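Summary of structural features
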Amino acid sequence: MEHFDVVIVGSGHGGAQAALSLRQAGHAEPILLLSRDRNPPYERPPLSKDYLSGEKPFERILIRPEAFWNERGITLRLGCNADTLDAEAHSLILSDGGTVTYRKLIWAGGGDPRRLSCSGADLAGIHAVRSRRDVDTLREELAAGARQVVIAGAGYIGLEAAASLTKLGCEVTVVEALERAMARVAGPELSDFFAAEHRAHGVDLRFGTSIERIEGEGGRVARVVLSSGTVLPADVVIAGIGIVPAVGPLIAAGAAGSNGVDVDEFCRTSLDDVYAIGDCAAHANAFADSQVIRLESVQNANDMANVAAREIMGERTPYAAVPWFWSNQYDLRLQTAGLSAGHDATVLRGDPAERKFSVIYLKEGRVIALDCVNNTRDYAQGRKLVEARAVIAPDLLADAEVPLKDML
Ligand code: FAD
């Protein structure tokens, strides 16, 4: 049995940042960074963007060079799953048969991609876009001649994958059960703009319909049948339909949680000495009127990692960061600040026809979020409005001649 001062489960954005933050804060005891992924910590956003399109090699998406972790006294154990947690004994049983004990445990397990549940969902040629392995397998199939792609889900990942695959010369159809693109995270102005851009690039977008079944030939995907009755030929299907938080061992050990695992403002779970961060951590978020939510973003994973590391080092700082996110599709850079859910009005700033504009979301007259397209200045300045929940007249917000920073 090996002992580590801190064991971190998951070497994605949250786990890697937690190890870095501990070292930066002067933590000098042994740290174990454990992951079922076989690769050293890497960035996930490029998986649907320039890693998928082949513009960035794997070495350029590493969070740190491979040798870095060892040099900092951080033991990387890859291709190894944390199977069972005994919270009282402060121990974890691993899939390689080993057991490790800890003083503090940080759970940064992220999520497993939600799988399609229709008939034919187990055929070869159906992919998620969550890990390097997912994308490498998909790219191998494209290299072998796959061209007709059906993507389930018009959220960020589905649309980014559509843009990257279109660049590679694929024929892409996106199937979305809701009536518009990115419906859960953006207002109709943004959805309509992105839908038009995708169509202009040749993507076939189908809203208000879903995949009824997938039919195969020789064990491989051959066509997709939609609930509308439409039949789409397909060599490859991609499921971009969200994640299931990877918290099984935590919940089995008694941690509170229903959608992921519950944490307080210091990222502590209900189990002693166990923290949870990133995609799997459900927390009361000040930018969602203190509703308990999970955020799936690099910002959230990194900021929660900092909070947990500081807490372990005895410096209490509650989690209170402004949520932010980005998405790249074609030559469009979308940057968002705040959370738009629950808005009761929107203000359009700039002209979508110029492909540079912002949508500002208001709730009871206060700025709660911004979506900025090719408009980094608005994004940088608007974050402060979100932070202040500023009350500003909609007419003034709409005046793109007046910088947002002058409105506070
Ligand atoms: P992850 O990065 O998912 O890491 C979790 C790790 O834990 C995984 O390696 C997993 O294998 C491992 N694990 C899970 N359970 C166990 C276990 N029991 N034992 C051992 N290991 C385990 N965010 C943005 O802000 N902007 C973007 O543009 C953006 N684009 C994205 C594109 C894609 C394709 C994807 C998949 C995500 C994107 N995100 C983006 C979201 C962002 O990457 C995630 O929010 C972030 O990676 C969350 O970090 P995490 O540490 O919580 O989880």
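Now for a look at the structure at hand. (Residues numbered from 1 in each chain as written. Predicted model: local features only at pLDDT ≥ 70, side-chain atom pairs only at ≥ 80, totals over all residues. Heavy atoms only, no water.)

The next point concerns the overall build of the chain. When its secondary structure is counted, the chain shows 9 helices and 25 strands. Relative to its length of 408 residues, the chain is compact, with a C-alpha radius of gyration of 22 Å against a globular reference of 22 Å. Along the first, second and third principal axes, the C-alpha set of the chain runs to 60 × 60 × 35 Å. For the chain, buried positions account for 53% of its 408 residues. Restricting to contacts in the chain with at least 6 residues of sequence separation, those with at least 24 account for 59%. Entry remark: accessible area of the chain is about 17,300 Å², with carbon and sulfur atoms responsible for 47%. Each charge class in the chain can be summarised by its mean position, and for the 42 positive and 55 negative side chains these summaries are 2 Å apart. (Helix = DSSP H or I, 4+ residues; strand = E, 2+ residues; numbered from the N terminus. Rg over C-alpha atoms; globule rule 2.2 N^0.38 Å. Buried < 20%, exposed > 50% of the residue type's maximum accessible area, 1.4 Å probe, protein only. Contact = heavy atoms within 4.5 Å. Areas by Shrake-Rupley, 256 points an atom, 1.4 Å probe, with all protein chains shown as cover. Lys, Arg positive; Asp, Glu negative; His and termini not counted. Charge placed at Lys NZ, Arg CZ, Asp CG, Glu CD.)

This part takes up unusual backbone geometry. Even without a glycine there, the phi angle at D273 is positive, about 65°. Assignment of secondary structure puts D273 in the loop between β17 (261-262) and β18 (274-276). Note on D273: relative accessible area 27%, which makes it partly exposed. Phi at D289 is positive, roughly 55°, even though this residue is not glycine. Along the chain, the position of D289 falls in the loop between β19 (281-285) and β20 (291-293). On the basis of relative accessibility, which here comes to 52%, the residue D289 falls in the exposed class.

As a further point, take the packing of aromatic side chains. The tally for this structure, following the rule as stated, stands at 8 aromatic pairs. Between F193 and F357, the ring centres sit 4.8 Å apart and the planes meet at 70°, which makes this aromatic pair edge-to-face. You can see F193 sitting in helix α5 (residues 188-200) and its partner F357 sitting in strand β24 (residues 356-363), a full 164 residues away along the chain. Given the relative accessible area of 9%, F193 is considered buried. Take F357: its relative accessible area is 0%, and that puts it in the buried class. Taken together, the ring pairs connect Y156, W324, F325 and W326 into an aromatic cluster. When the ring centre of F68 is taken as origin, the NZ or CZ atom of R64, which lies over that ring, is 5.4 Å away. (Phe/Tyr/Trp six-rings, centres within 6.5 Å; stacked < 30°, edge-to-face > 60°. Lys NZ or Arg CZ within 6 Å of the ring centre and 35° of its normal.)

Turning our attention to the site of the ligand. Close to the ligand lie 34 residues, the nearest being G14, R44, K49, R130 and D279. A distance of 2.6 Å separates an oxygen atom of the ligand from a polar atom in the side chain of D279. Between the ligand and W326, the relevant distance is 2.9 Å, taken from an oxygen atom to a main-chain nitrogen or oxygen of the residue. Protein burial of the ligand: of its 1,000 Å² of free accessible surface, 97% is covered by the chains. Put simply, the parts of the chain that give the shell around the ligand at least two residues each are α1 (13-24), α7 (298-312) and β21 (324-329). If one sorts the elements of the shell around the ligand by residue count, α1 sits on top with 3 residues. Residues of the shell around the ligand, tallied by class, amount to 14 nonpolar, 13 polar and 7 charged. (Near = heavy atom within 4 Å. Polar contact = N/O pair within 3.5 Å; in protein donor to acceptor, adjacent residues only side chain to side chain. Nonpolar A, V, L, I, M, F, W, Y, C, P; charged D, E, K, R; others polar.)

A few words now on the side chain of T101. By secondary structure assignment, the location of T101 is in strand β6 (residues 99-107). In this structure the side chain of T101 is engaged in a polar contact, spanning 2.8 Å, whose partner is the side chain of H3. Setting aside anything within four residues of it in sequence, one finds T101 in contact with M1, E2, H3, F4, V7, H90 and S91.

To continue, consider the packing of α1 against α7. Relative to each other, α1 and α7 sit at 35°, their axes nearing to 8 Å. In this structure, α1 crosses over α7, and the sense of that crossing is right-handed. Facing H13, G14, Q17, A18, S21 and L22 of α1, the residues of α7 in contact are V298, A301, N302, A305, N306, A309 and I312. Among the residues forming the contact of α1 with α7, the class breakdown is 7 nonpolar, 6 polar and no charged. (Axes fitted to C-alpha atoms, helices over the stretch in contact; angles between N-to-C directions. Left-handed = near helix turned anticlockwise from the far one by under 90°.)

Between its first and last C-alpha, helix α4 (residues 156-167) extends 17 Å over 12 residues, near the 16 Å set by a 1.5 Å rise per residue. In terms of residue burial, α4 counts as a mostly covered element, since 10 of its 12 residues are buried. Looking one or two residues past α4, G169 carries a phi angle of roughly 90°, positive in sign. (Expected span 1.5 Å × (residues − 1).)

All right, on to the side chain of S11 then. Checked against the element boundaries, S11 lands in the loop between β1 (2-9) and α1. At 3.3 Å, the side chain of S11 forms a polar contact with the side chain of S35.

What follows covers the sheet that holds strand β25 (residues 366-373). Within the open sheet, the 5 strands sit side by side as β21-β22-β25-β24-β23. Their pairing is antiparallel. Since the sheet does not close on itself, it has two edges, and those belong to β21 and β23 (345-351), each with one partner. Within this sheet the neighbouring strands show an average axis-to-axis angle of 15°, counted without direction. Summarising the sheet, β24 and β25 pair through 7 bridges and their orientation is antiparallel. Looking across to β25, one finds that V359 is bridged to D371. On the sheet, helix α8 (residues 376-388) packs against β21, β22 (332-338), β23, β24 and β25 and is oriented at approximately 165° with respect to β25. (Pairing = 2+ DSSP bridges.)

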